[in-house]
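Working through the structure, step by step
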Amino acid sequence: MPGVDEASTGSGIDALPDKQGELLRKAVRLEWVTIGVLAVTIALVGIVSGQSQAMKAAWYEDLLSLLPPIAFLVATRIIRRNPDAKHPYGHHRAIGVGHVVAGSALLAMGSFLLISSVSGLINQEKPPIGTVVLFGHSIWLGWLMVVVMGLSVIGPVILGRMKLRLAGPLQDKVLYADADMNKADWMTGVATIVGVLGVGFGIWWTDAVAAMVVSFSIVADGISNLRTAIRDLTDARPTDLDGNVHPILDTAVDAVKGVDWVHDAAARFRDLGHVLHVEVFVVPRPGREVGVGKLREIETLLDNLDFRLHDIVVVPTAKIPEFLVKEDR
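All residue numbers refer to positions counted from 1 along the written sequence of the respective chain. In keeping with the predicted nature of the model, local features appear solely for residues at pLDDT of at least 70, side-chain atom pairs appear and are counted solely at 80 or more, and the whole-chain, interface and lining totals rest on all residues. Side-chain numbers here rest on the full set of heavy atoms in the structure, without hydrogens or water.

**Let's talk about the pattern of salt bridges**
By convention in these notes, a salt bridge is any Lys or Arg side-chain nitrogen within 4 Å of a carboxyl oxygen on Asp or Glu. A complete count under the given rule lists 11 salt bridges for this structure. One salt bridge in this structure joins glutamate 22 and arginine 25, with 3.1 Å as the shortest N-O distance. Of this pair, glutamate 22 and arginine 25 both sit in helix α1 (residues 18–48), 3 residues apart, which is roughly one turn of the helix. Only protein chains enter the accessibility calculation, which uses a 1.4 Å probe; a residue is then buried when its area is under 20% of its type maximum, exposed when over 50%, and partly exposed in between. Of the residues examined, glutamate 22 reaches a relative accessible area of 32% and is grouped as partly exposed. According to the relative accessible area criterion, arginine 25 is partly exposed, its value standing at 42%. Between lysine 173 and aspartate 271 there is a salt bridge, with the nearest N and O atoms lying 3.4 Å from each other. Residue lysine 173 is found in helix α7 (residues 173–200), and its partner aspartate 271 is found in strand β3 (residues 262–271); the two are separated by 98 residues along the sequence. Judged by relative accessible area, which is 7%, lysine 173 ranks as buried. Salt bridges sharing common partners tie together Lys173, Asp232, Asp271 and Arg308. Helical segments are the DSSP runs of H or I of at least four residues, strand segments are the runs of E of at least two, and each set is numbered from the N terminus.

Set out below in structure tokens:
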């Protein structure tokens, strides 16, 4: 494709400032640690799960928890590629695809947990928790379950908080969704402990109710993340990590309107992952000629304003497009 190098948006790594690049490398290391912790947790929970519905749900939940970190690692690998004739916008949107995977994992895990727990409650399933012989002594299996689940919540609590601290500066929604998954992990662990202890005290329904309580929160997080991911991939107005319209949009337009030769301005933005594609429409003041230098002035202004304003196109026009005027109102 002629001219693609000149119009190149750069790789997803090149687009990040040094600070964000270092944070991204930390996030990658953190996700590898997460996979290691999950592998150990899955093995331990599988060994002691027995017939407990809550324990089985926790085991399936841990399996699904592998999807967000894997999606993140694959996405960060893909965004290293430079734009080419087939992908003139680059590969930034691999982050958006990863966000869909992470949101789907949350929704699937929460839905499975909810259906399983409601079914167990309706059918009045009383999970038998027997005993095991350990070091020559007979021990109630429930105590081993409690110990394993108690240990399993430590990793998600620590890792989730660390990911949240990185997700903000990076504006990485996959990392943010994975932090949500970590929150779901430790909530599931705590609820499972309550459920198992309840069974030990003869209150059979605590096993199912504990799983139900957690599942509602997980489903809500899954729906929220999936909705945001689909919005981004369908070119809706970019949002921040909480799903609100990103404040940089108005800041960017106001900055352009402040240029002395600009009479009016509006812009449309497309979320590409860590960065935004920006098309700025500017109406020059009467009698002011607009050359390449002035257009370059606005491009540089926005490029210096925020690292997310990365792929910038400035379009001089006699009138702001009607749909952008209505959007501003």
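**Observations concerning the sheet that holds strand β4 (residues 276–284)**
Strands are treated as partners if at least two bridges between them are detected by DSSP. The 3 strands are arranged β3-β4-β5 in an open sheet whose pairing can be described as mixed. Each having just a single partner strand, β3 and β5 (309–316) make up the two edges of the open sheet. For this sheet the average axis-to-axis angle between neighbouring strands, irrespective of direction, equals 20°. Note: β4 against β5, 7 bridges, orientation parallel. Residue histidine 277 lies in a different strand from β5, and its bridge partner there is aspartate 311. Each axis is a line fitted through C-alpha atoms, taken for helices only over the stretch in contact, and angles between the N-to-C directions span 0 to 180 degrees.

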